[in-house]
Amino acid sequence: VTISENTSSERGGGMSSYASNLTFNYVAFIHNTSNVSGGGMYTGGGTSTISNSTFSENSAPNGGGMLNASGTVITLDYVTFTDNTVTDRGGGMYNYLSNPVMTNITFTGNTAVTHGGGLFNSGSDPSMTDVTFSNNHSDTWGGGMDNNSCSPTLTNVTFSHNSADLSGGALHNWEYSSP
């Protein structure tokens, strides 16, 4: 399945999901735009599984590739976030009050103006295994990943060639965060 070149004035340029139970395998979210959050996809609640999929060249103010909000239970396996952009937080992905389980994930070439070029977590404690952050950029904090009030679990995570113009080229933690 390919979801490409769609636009939303609020959430989920490619797709928006509220309190739904979804299973995706081999889905490409390409060049979608949201004016609020979740350029490629927005999830709010529900239980979802995404595997063998890509989020590429999507854009939004928050969560360029994907935004997971308020109680979303999501499992991602073999998912790639490439060249997504935001004017605020979470170039590749933004997790807000959700705790995704992430395995075999790649964040490459994503950009954010303020927080988390690759990934921004706020009030979320994601579990991350075999995850790579490379060549992501933030104009301010956390080129690879930025954490606010959360404690992600990192196992075999690689940060390479990420950059931030102010603090934390690879990783930035604030407000009692500790990976």
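Above: the structure in question.
An account of the accompanying structure is given in this report.

Thresholds, definitions, all that
Residues numbered from 1 in each chain as written. Predicted model: local features only at pLDDT ≥ 70, side-chain atom pairs only at ≥ 80, totals over all residues. Heavy atoms only, no water. Salt bridge = Lys/Arg side-chain N within 4 Å of Asp/Glu carboxyl O. Buried < 20%, exposed > 50% of the residue type's maximum accessible area, 1.4 Å probe, protein only. Core = buried A, V, L, I, M, F, W, Y, C linked by side-chain atoms within 4.5 Å. Helix = DSSP H or I, 4+ residues; strand = E, 2+ residues; numbered from the N terminus. Contact = heavy atoms within 4.5 Å. Pairing = 2+ DSSP bridges.

All told, the structure shown has two salt bridges when counted by the stated rule. The residue Arg11 makes a salt bridge to Glu10 at a minimum N-O spacing of 3.4 Å. The partly exposed category is assigned to Arg11, whose relative accessible area is 33%. Take Glu10: its relative accessible area is 46%, and that puts it in the partly exposed class.

Attention now goes to the nonpolar core. In this structure, Met41, Ile50, Met66, Leu76, Phe81 and Phe107 are the most contacted members of the largest nonpolar core, which totals 23 residues. Of all the secondary-structure elements, those providing two or more residues to this core are strand E3 (15-25), strand E6 (41-56), strand E9 (73-82), strand E12 (101-108) and strand E15 (127-134). Element by element, the count of residues in this core is highest for E9, at four residues. With residues near it in sequence (within four places) discarded, Leu76 still touches Ile50, Met66, Phe81, Met93, Pro100, Val101, Met102, Thr103 and Ile105. Of all hydrophobic cores here, the second largest spans five residues; its members include Tyr42, Leu67, Tyr94 and Phe120.

With that out of the way, let us pick up the pairing of strand E14 (residues 119-122). Residues Leu119 and Asn121 of E14 are buried on one face, and the alternating residues Phe120 and Ser122, pointing to the opposite face, are buried as well. The pairing of strand E11 (residues 93-96) with E14 spans four bridges and is classified as parallel. Bridge pairing in E14 links Tyr94 to Phe120. Sheet topology places E14 next to strand E17 (residues 145-148); four bridges connect them, and they run parallel. In the sheet register, Asn121 faces E17, and the bridge partner there is Asn147.

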